[in-house]
Amino acid sequence: MTILTTLGFPLITIIFYGLFIQELKSGIVATSWQKEKKRKVRNRIIIGLVVWAIIISAVSLSGFSGEFELFPLNIMPFVIVPLITTLILLFHKDTNALLSKINLKVLTRLQAFRVFVEIVLWLLFIQNLLPEQMTIEGRNFDIIAGITSLLAARFILNSRRLMIVWNIIGLALLINIVSIAILSMPTSLRIFENEPANIIITQFPFIVLPTFLVPLAYILHFLSLKKLLMKS
């Protein structure tokens, strides 16, 4: 396994979450909230991500997430928690105020990280660490969302309808690969029997893919869609 393959997902996570947090901070500063509230929101975002990273690291390093005989308890709670948290925060009373100060172009451009994710997945595949269907050579078309994100930010940003369609397609592509990933794991749900089974994304540091990078993709889509619907 190469250093690029091993460090790929953590580097993508650090870089693009850093960019996302920077945009959130700019949005927080631009709100009419009191200074104390702005400070608390910023701190909660940082602390929440750090605590989540510690939990995920501990779970994967302990080997618990790789115990597929316990499925779905071994991995699914760590996939579902970010989704539930995102949905709760999405409808929080302060979200609209913050979202009105966040740049839609930035939210759209950040989806380009999915191109780099696909490159790392392909590298894992050619090293026989990941099944083919999870790559661009198989059934994973998520790279389309990453490539078109820059085009969408450049050419259709002013079209609310086209942007809504683009975000929905992006979510569909994400659901597709997540479903394939689950159906490629060595569980009773497994449909794709080809080897290797999808076990590496439950190991450290690759576990940041389902617990940080997949959530980043749908968080950006959800925020974009809500911002677009707010305009209506």
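Residues numbered from 1 in each chain as written. Predicted model: local features only at pLDDT ≥ 70, side-chain atom pairs only at ≥ 80, totals over all residues. Heavy atoms only, no water.

Observations regarding the pattern of salt bridges
On inspection of all chains with the given rule, the structure shows 4 salt bridges. With its nearest N and O atoms 2.3 Å apart, the salt bridge here joins Arg39 to Glu36. Taken together, the residues Arg39 and Glu36, both in helix H2 (residues 35-62) and 3 residues apart, mark about one turn of the helix. Judged by relative accessible area, which is 37%, Arg39 ranks as partly exposed. Using a relative accessible area of 39% as the deciding quantity, one classes Glu36 as partly exposed. Asp94 is the salt-bridge partner of Lys37, the closest N and O atoms lying 3.0 Å from each other. Separated by 57 residues along the polypeptide, Lys37 in helix H2 and Asp94 in the loop between helix H3 (76-90) and helix H4 (95-99) bring together distant segments of the chain. (Salt bridge = Lys/Arg side-chain N within 4 Å of Asp/Glu carboxyl O. Helix = DSSP H or I, 4+ residues; strand = E, 2+ residues; numbered from the N terminus. Buried < 20%, exposed > 50% of the residue type's maximum accessible area, 1.4 Å probe, protein only.)

Thoughts on unusual backbone geometry
Cis rather than trans, the peptide bond between Phe71 and Pro72 has omega equal to 10 degrees. Here Pro72 shows up in the loop between H2 and H3. In this structure, the amide linkage connecting Phe204 to the following residue, Pro205, adopts the cis form with an omega of 5 degrees. One can find Pro205 in the loop between helix H8 (160-183) and helix H9 (208-231).

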